[in-house]
Amino acid sequence: MSGLKSSIKIFESHAPFTLESGDSLPGVQIAYHTYGKPNPDRSNCIWVCHALTANSDVADWWPHTVEKNCFLDPEKYFIVCANIIGSCYGSTGPLFVNPQTGQPWYDRFPKLTIRDIVKAHILLADHLGIKLFASLIGSSVGGFQALEWSVMQPERFRSVVLIATDAYASPWTVAADETQRMAIFADKTYGEQRPDAATDGLAAARAIGMLTYRGASGYNASQQDVDIDNTYLNQPRRAATYQRHQGKKLTQRFDAYSYVTILNAFDTHNIGRGRGDIPQALERLSMPVLVVGITTDIIFTPSEMKRLADMIPFAEYQEIESAFGHDGFLVEHAILNKIITAFFQKNNI
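For clarity, every value in this text was computed on a predicted model and none was experimentally measured. (Residues numbered from 1 in each chain as written. Predicted model: local features only at pLDDT ≥ 70, side-chain atom pairs only at ≥ 80, totals over all residues. Heavy atoms only, no water.)

Trainee: Any details on the packing of aromatic side chains? Residues and values, ideally.
Mentor: Enumeration according to the criterion identifies 19 aromatic pairs in this entry. A centroid spacing of 5.8 Å and a plane angle of 80° characterise the contact between W47 and F133, whose relative ring orientation is edge-to-face. One end of the pair, W47, is in strand 5 (residues 45–49); the other, F133, is in the loop between helix 2 (114–127) and strand 9 (135–139), with 86 residues separating them in the sequence. Assigned by exposure class, W47 and F133 land together as buried. (Phe/Tyr/Trp six-rings, centres within 6.5 Å; stacked < 30°, edge-to-face > 60°. Helix = DSSP H or I, 4+ residues; strand = E, 2+ residues; numbered from the N terminus. Buried < 20%, exposed > 50% of the residue type's maximum accessible area, 1.4 Å probe, protein only.)

Trainee: If you had to explain the pairing of strand 5 to someone new, which residues and values would you point to?
Mentor: Among the five residues of strand 5, five are classified as buried, and the element is accordingly described as predominantly covered. Because side chains alternate across strand 5, one face comprises the buried residues C45, W47 and C49, and the other comprises I46 and V48, equally buried. The sheet contact formed by strand 5 and strand 9 spans four bridges and is parallel. Bridge pairing in strand 9 links V48 to I137. (Pairing = 2+ DSSP bridges.)

Trainee: Hey, could you go over the pattern of salt bridges for me, with residue numbers and the actual values?
Mentor: One pass over the structure, following the stated rule, counts 14 salt bridges. Between R273 and E20 there is a salt bridge, and its shortest N-O distance comes to 2.9 Å. Here R273 is found in the loop between helix 8 (256–267) and helix 9 (278–282), whereas its partner E20 is found in the loop between strand 2 (17–18) and strand 3 (24–25), with 253 residues between them in sequence. For R273, a relative accessible area of 29% corresponds to the partly exposed category. Note that R194 is salt-bridged to D196, the shortest N-O span being 2.7 Å. When its relative accessible area of 28% is taken as the criterion, R194 is described as partly exposed. The class for D196 is partly exposed, based on a relative accessible area of 44%. (Salt bridge = Lys/Arg side-chain N within 4 Å of Asp/Glu carboxyl O.)

Trainee: Talk me through the sheet that holds strand 4 (residues 28–35); I want residue IDs and the actual numbers.
Mentor: Whenever strands of a sheet pair, they do so through backbone hydrogen bonds, lying parallel or antiparallel. Strand order in the open sheet formed by eight strands is 1-4-6-5-9-10-11-12, and the pairing between neighbours is mixed. Lying at the two open borders of the sheet, with one neighbouring strand each, are strand 1 (9–13) and strand 12 (315–320). In this sheet, adjacent strand axes meet at a mean angle of 20° when their direction is disregarded. In this fold helix 10 (residues 302–311) packs onto strand 10 (160–163), strand 11 (289–294) and strand 12, with an angle of close to 165° to the strand it touches most, strand 12. Running at roughly 160° to strand 12, helix 12 (residues 333–346) makes contact with strand 5, strand 9, strand 10, strand 11 and strand 12 of the sheet. (Axes fitted to C-alpha atoms, helices over the stretch in contact; angles between N-to-C directions. Contact = heavy atoms within 4.5 Å.)

Trainee: Residue-level account of the environment of P38, with values.
Mentor: Tracing the backbone shows P38 in the loop between strand 4 and strand 5. By relative accessible area, which is 30% here, P38 ends up partly exposed. Apart from the residues lying within four places of it in its own chain, the contact partners of P38 are N44 and F78.

The following block contains the structure:
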């Protein structure tokens, strides 16, 4: 970790928050972190969109990025990250109380889309008085948000960085999400009105997700058994204990209702919806865009990332060599810093 500390901040909007589905929330609360200081005209702001189960504390979950001489240098930039609505790290989500019932929403929380999540980001950005961002950065589901926002308000960003993401939720990614939902729904406690419902299902869902995050290369590189003689007969295989550990670890910091809410929002992502088609939507982007793929990513493959870059008018494509699959964007921070810093320098960001 970077060691940099930042206190969580809370923004509240009490106006009804209309969702893309037509439903609404009676206002929203947004938790966020900031690092560094804004310059006088607030033009040095970088907004980071986080992935599926991350929080707004970028320095906590993205090692060695919020540091001096890195692409999120707090001595140079004013960095903002907001916890997405639907999550459980301080922003309005399923564990919040529905004022109409006086009880938490749980599985009755309204369905969200990526556009709804971005709409909440816009509320916070307006509140912070940031009219023009130096850059907008997103990885994975965070990339969904970054791409959606940049299409909604292209004039607001001097540059955009998209890492391990795509312009829509492909059938493969939707299938992976549905398999995780099936695991959660198979837990008979799902639907019970308590925050720890479907804990076993959530653990299984996370284990399924880990297979797609790391892929065969990631597991084979990090989960080989050392003690061959005893492990095979007397002890669980290392990869098996890793799966159980990852599942249990998520249940200690996340809940099944928030997880399902975000998976559902993930599946709605299509930048072309209501805009003609994907290429037509991406033509709105007039700023420099960096698209970063990972060689072993099986969720958003290099060929898909190259295709995305080809559809964006002023995009360049870079690739990270990594054995750690989709999670390479978290692991390979040194090369990622090099790529993004060079992109910023070239475009005077």
